[in-house]
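Residue-level structure breakdown
Given next are the chains, with one letter for each unit.
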Amino acid sequence: MIDATPQAYSYFPGCSLTATNRAYDISTKSVAKALGVKLVELEDWNCCGATAYLPIREKRSFVLSARNLAIAEKQGGELATICNACYVVLRKTNKYMAKDAKLNEEIRRALRAGDMDYSGNVRVRHFLDIVISDLGEEAVKSQVKKDLSGLKVACYSGCQLSRPFDDVDNAEYPTIMSRLVGWLGAEAVPFPMSAKCCGGLTMTTAPETGQVLTGKILKVAKERGADCVITACPLCQINLEAYQDKVGEAVGADCHVPVLYFTQLMGSAFGLASKELALGDSLTPVQDLLAEKVGS
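About the thresholds
Residues numbered from 1 in each chain as written. Predicted model: local features only at pLDDT ≥ 70, side-chain atom pairs only at ≥ 80, totals over all residues. Heavy atoms only, no water. Helix = DSSP H or I, 4+ residues; strand = E, 2+ residues; numbered from the N terminus. Rg over C-alpha atoms; globule rule 2.2 N^0.38 Å. Buried < 20%, exposed > 50% of the residue type's maximum accessible area, 1.4 Å probe, protein only. Contact = heavy atoms within 4.5 Å. Areas by Shrake-Rupley, 256 points an atom, 1.4 Å probe, with all protein chains shown as cover. Lys, Arg positive; Asp, Glu negative; His and termini not counted. Charge placed at Lys NZ, Arg CZ, Asp CG, Glu CD. Salt bridge = Lys/Arg side-chain N within 4 Å of Asp/Glu carboxyl O. Polar contact = N/O pair within 3.5 Å; in protein donor to acceptor, adjacent residues only side chain to side chain. Axes fitted to C-alpha atoms, helices over the stretch in contact; angles between N-to-C directions. Left-handed = near helix turned anticlockwise from the far one by under 90°. Pairing = 2+ DSSP bridges. Core = buried A, V, L, I, M, F, W, Y, C linked by side-chain atoms within 4.5 Å.

Looking at the overall build of the chain
Within the chain, the secondary structure is distributed over 14 helices and eight strands. Computed over the C-alpha atoms, the radius of gyration of the chain is 19 Å, within 12% of the 19 Å expected from 2.2 N^0.38 for a compact globule of 296 residues. Each principal axis of the C-alpha distribution contributes one length, and for the chain these read about 55 × 45 × 30 Å. Within the span of the chain, comprising 296 residues, buried residues form 52% of the whole. Summarising the internal contacts of the chain: among those between residues at least 6 apart in sequence, 78% fall at separations of at least 24. For the chain, the computed accessible surface area is about 13000 Å², with 50% contributed by carbon and sulfur atoms. The averaged location of the 34 negative side-chain charges in the chain is 3 Å from the averaged location of its 33 positive side-chain charges.

Describing the pattern of salt bridges
Pairs may arise between side chains of opposite charge once their charged atoms sit close together. Here the structure, examined in full by the defined rule, presents 17 salt bridges. For Arg-22, the salt bridge identified is with Asp-281, shortest N-O distance 2.8 Å. Taken together, the residues span a long stretch of sequence, with Arg-22 in helix 1 (residues 22-35) and Asp-281 in the loop between helix 13 (274-277) and helix 14 (286-293) at a distance of 259 residues. In this structure, the salt-bridge partner of Asp-134 is Arg-125, at a minimum N-O distance of 3.0 Å. Several salt bridges share partner residues, and in doing so they unite Glu-78, Arg-123, Arg-125, Asp-129 and Asp-134 into one network.

Regarding the side chain of Asn-46
Secondary-structure assignment places Asn-46 in the loop between strand 2 (38-41) and helix 2 (50-53). Reaching out from Asn-46, the side chain makes a polar contact with the backbone oxygen of Leu-64 at a distance of 3.1 Å. Other than its neighbours up to four places away in sequence, Asn-46 contacts Phe-12, Leu-64, Arg-67 and Asn-68.

Brief notes about the packing of helix 1 against helix 6 (residues 127-141)
Closest axis-to-axis distance for the helix 1/helix 6 pair is 12 Å, and the angle between their directions is 40 degrees. Seen from above, helix 1 lies across helix 6 with left-handed handedness. Residues Thr-28, Val-31, Ala-32 and Leu-35 of helix 1 pack against Phe-127, Leu-135, Ala-139 and Val-140 of helix 6.

Considering the sheet that holds strand 7 (residues 228-231)
Sheet strands line up and pair through hydrogen bonds in the backbone, either parallel or antiparallel. The strand order across the open sheet formed by four strands is 6-5-7-8, and the pairing between neighbours is parallel. Lying at the two open borders of the sheet, with one neighbouring strand each, are strand 6 (187-188) and strand 8 (259-261). Here strand 7 pairs with strand 8 via three bridges, running parallel. In the strand pairing of strand 8, Val-229 is matched with Val-259.

Looking at the nonpolar core
Among the nonpolar cores identified, the biggest contains 75 residues, and Val-153, Leu-180, Leu-184, Ile-230, Phe-262, Met-266 and Phe-270 are the most heavily contacted of them. Beyond its immediate sequence surroundings of up to four residues, Val-153 is in contact with Val-181, Ala-186, Glu-187, Ala-188, Val-189, Ala-226, Cys-228, Ile-230 and Leu-265. Judged by nonpolar contacts, the second largest core, of 21 residues, contains Tyr-156, Val-189, Val-229 and Cys-233.

Quick look at the structure:
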């Protein structure tokens with residue numbers, strides 16, 4: 001069981017954060033530690049089923065997520081995650097189990113076959129929401145050690161942070177990431193693409209479509225004078241960072257711009273070392289940008 005305090009949470013990293021997007025996991029844990037937040041990783045967690053599997057085998061996806069929720073319920077506390085897709089799937093599982101008694105029983109029967117059960121008592125949270133809603137401006141500002149006043153940031157929330165659940169942020173005009181940037185001392189540039197889809201998996205299944213969707217986001221970020229883009233989604237991060245040459249060709253514009261996780265920007269403002277934020281994993285010149293723009 002975890003400590004029953006407002007700053008202790010169960011933690012679900014998700015699959016990509018243990019592999020291609022490990023920088024997000026590393027930087028989140030470093031930032032949480034700086035803020036005095038205890039993240040207790042779920043023991044023996046499994047893939048949540050992800051949004052790609054959900055439309056194909058919905059019930060099986062719910063069972064996968066429910067297993068994680070069952071572990072979290074036993075462990076105690078609210079469940080924090082940082083992957084937008086994991087956040088959506090875990091919350092959908094909670095919602096469907098609460099509203100559909102037949103589905104609830106089917107899922108619980110599957111869990112009981114593995115000596116587990118889930119009563120529906122876990123609240124799923126995105127770490128960004130925890131920072132904004134539970135910790136707040138004072139707690140964040142108290143950790144700022146570096147001057148970010150010369151940095152202009154395009155805040156890309158992605159399409160799943162506030163969809164279909166809009167109780168964390170406005171689905172069309174997200175603001176919480178921009179608020180965080182302001183608390184850190186940087187400038188959030190006006191960015192109408194913040195909640196537009198990057199194309200998700202179409203970057204691999206229908207690359208012509210995915211490249212245009214991602215390219216439009218980066219093109220507008222450059223047009224708005226952003227020095228970098230920050231995001232809260234592992235899949236968005238890969239699309240925004242890994243294909244900049246191709247997406248630039250697709251939209252006929254220069255789309256080269258450094259891309260960070262919001263936790264990496266937070267850690268930079270907090271004065272944390274590059275290794276603590278896994279900045280070396282970046283495919284874009286993040287470290288050069290921060291060395292130039294972040295003052296003492």
